[in-house]
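One-letter residues, chain by chain:
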Amino acid sequence: MPLVYKEDYFETFGEKYDNISQRDFDFIKANQPGLRPDGVMLDLACGSGAMGERFVASMPGLRAIGADLSRPLLQWSHMPTCQADVAKLPFKSDAVDHIIDAAAIHHFASV
């Protein structure tokens, strides 16, 4: 199933795109088995990087890297990011300890 992506859709939201309540963030964080406070986390389809940044802020020592298809959205991130298709990530298989995908799973094809 091809990814349908209107070039300027997400960019129109800018830094306000990734808004999530504290309650929802706490739930997501509590349901991350194996997340190490000294590890490296990949924020898959990170958008503006807001979710990865919240994890880093709540876990000193955690490092986060974001990957997203939208270069304009990545400009809002304060963590290291790369523009990439999640089906073709530019990382070695052992480069990260944990992967989160908080708000993009519905964009991926069923397998």
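In this report, we go over the structure that sits alongside the text.

What counts, and at which threshold
Residues numbered from 1 in each chain as written. Predicted model: local features only at pLDDT ≥ 70, side-chain atom pairs only at ≥ 80, totals over all residues. Heavy atoms only, no water. Helix = DSSP H or I, 4+ residues; strand = E, 2+ residues; numbered from the N terminus. Contact = heavy atoms within 4.5 Å. Areas by Shrake-Rupley, 256 points an atom, 1.4 Å probe, with all protein chains shown as cover. Pairing = 2+ DSSP bridges. Axes fitted to C-alpha atoms, helices over the stretch in contact; angles between N-to-C directions. Parallel < 35°, antiparallel > 145°, perpendicular 65-115°, else oblique. Nonpolar A, V, L, I, M, F, W, Y, C, P; charged D, E, K, R; others polar.

**Here's the deal with the overall build of the protein chain**
From N to C terminus, the protein chain includes 3 helices and 4 strands. Secondary structure elements in the protein chain, listed N-terminal to C-terminal, are α-β-α-β-α-β-β. Of the contacts made within the protein chain by residues no fewer than 6 positions apart, 59% connect residues no fewer than 24 positions apart. Accessible surface for the protein chain amounts to roughly 7,300 Å². Of this, 57% is attributable to carbon and sulfur atoms.

**What to know about the sheet that holds strand 1 (residues 40-44)**
Taken in spatial order, the 4 strands of this open sheet run 3-2-1-4, and their pairing is parallel. Two strands lie at the open edges of the sheet, namely strand 3 (81-83) and strand 4 (98-100), each paired on one side alone. Strand-to-strand twist across the sheet, computed as the mean angle between neighbouring axes with direction ignored, equals 20°. As judged from the 3 bridges shared by strand 2 (residues 63-68) and strand 3, these two strands associate in the parallel manner. In the strand pairing of strand 3, alanine 67 is matched with cysteine 82. Across the sheet, helix 2 (residues 50-58) lies against strand 1, strand 2 and strand 4, angled at about 155° from strand 1, the strand it touches most.

**Examining the packing of helix 1 (residues 22-30) against helix 2**
Packing of helix 1 against helix 2 brings their axes to within 11 Å, and their N-to-C directions diverge by 75°. Taken together, the axes of helix 1 and helix 2 lie roughly perpendicular to each other. Packed against helix 1, whose contacting residues are Gln22, Phe25, Ile28 and Lys29, the element helix 2 presents Met51, Arg54, Phe55 and Ser58 at the interface. Here the contact of helix 1 with helix 2 is composed, by residue class, of 4 nonpolar, 2 polar and 2 charged.

**Considering the environment of aspartate 38**
Relative to the helices and strands, aspartate 38 is located in the loop between helix 1 and strand 1. With 25 residues separating them in the primary sequence, aspartate 38 and arginine 63 have C-alpha atoms 7.3 Å apart.

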